[in-house]
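# Chains, contacts and geometry: an overview
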Amino acid sequence: MIALTWTYGQLLRGVAEMVRRVLLVQLLLLAPCFWLLELSQNVAFRWMNGDWGWVYPESPHRWFSIVSLGLWSGAVVALWALNTYWFRPARMARWQRVLWASALCWLGQWLGGFIAAEVFHHPFQVWPGTRLVYVSFSTLLFWAANAALYLWVVRDSEPVSEPAVPKASEPAAPVTRAERPAGA
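The rules behind the values
- All residue numbers here refer to positions counted from 1 along the written sequence of the relevant chain.
- This being a predicted model, a pLDDT of at least 70 is required before a residue's local features are given, and a value of 80 or more before pairs of side-chain atoms are given or counted; all residues contribute to the totals for chains, interfaces and linings.
- Side-chain figures throughout are based on the complete set of non-hydrogen atoms in the structure, without hydrogens or water.
- Secondary structure follows DSSP: runs of H or I at least 4 residues long count as helices, runs of E at least 2 residues long count as strands, and numbering of each begins at the N terminus.
- Buried, partly exposed and exposed residues are distinguished by accessible area as a fraction of the type maximum, computed with a 1.4 Å probe on protein chains only: under 20%, between the cut-offs, and over 50%, respectively.
- For this analysis, a polar contact is any N or O atom pair within 3.5 Å, provided that within protein one partner can donate a hydrogen and the other can accept it, and provided that sequence-adjacent residues contribute only side-chain to side-chain pairs.
- As used here, the term nonpolar core means buried Ala, Val, Leu, Ile, Met, Phe, Trp, Tyr and Cys residues forming a set that is joined through side-chain atoms within 4.5 Å.
- The criterion used for residue contact is that any of the two residues' heavy atoms lie within 4.5 Å.
- Bend angle per residue: angle between axes fitted to the 7 residues ending at that residue and the 7 residues starting there.

Within the secondary structure, Arg-97 sits in helix H3 (residues 94–119). Classification of Arg-97 as buried rests on a relative accessible area of 1%. At 3.0 Å, the side chain of Arg-97 forms a polar contact with the backbone oxygen of Met-92.

Next up, the structure:
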């Protein structure tokens, strides 16, 4: 009979460790940082173009919303999941990670805005003067900055590196007796 070596308690301990690492560190620190970055991006957009880049129709402040802090928590979880389950196992280069994360988060922002407005009839974020209404193509630059900041702050625990291969001009290191297979 096969005995399971990974018990339910070990699974729960592993999940609790992951939640502690992800939720406590990334959500409590990065989500507010991204929210403040969003506010500064909207202010910069207003300085350059004379009007707010995006508005929150149901917010009394109009140019920012505290509720978007919850959405930034979702964005941090999405970036974490992409990095943990796709980018890191695929050993993807950082510039490719930024491109993919930017595109997917941009698409997620549009989809979230569409669902909030069309399904729940509470528009969350509106970009005035754009054909896409819930997002603009300039948002890709903002998402690229957010993805690059995320990847800079959250370092990989396992560095992406190629295995060391000796050059043709270098002699191979001698094999010690302990490294030799039995009987050789």
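Read on for the rest.
Once that is clear, we can look at the nonpolar core. Grouped together as the largest cluster of nonpolar side chains are 26 residues, with contacts concentrated most on Phe-34, Trp-72, Val-76, Leu-79, Ala-101, Trp-143 and Tyr-150. Elements with a contribution of two residues or more to this core: helix H1 (8–49), helix H2 (68–87), H3 and helix H4 (139–153). Apart from the residues lying within four places of it in its own chain, the contact partners of Val-76 are Gln-26, Leu-27, Leu-30, Ala-31, Phe-34 and Tyr-150. Trp-54, Ala-116, Phe-124 and Phe-142 belong to the second largest nonpolar core, which has 7 residues in total.

Before going further, it helps to examine the environment of Val-98. For Val-98, the location among the structural elements is in helix H3. Judged by its relative accessible area of 17%, Val-98 falls in the buried class. Contacts of Val-98, omitting those with residues within four sequence positions, involve Ala-144, Ala-147, Ala-148 and Leu-151.

Along H1, the helix axis deviates most sharply at Leu-27, where the bend reaches about 35°. Here H1 has its buried residues at Val-22, Gln-26, Leu-27, Leu-30, Ala-31, Phe-34, Trp-35, Glu-38, Leu-39, Gln-41, Asn-42 and Phe-45. Contacts made by the buried residues of H1 are with H2 and H4. Positive phi shows up at Gly-50, right after H1, with a value of about 85°.

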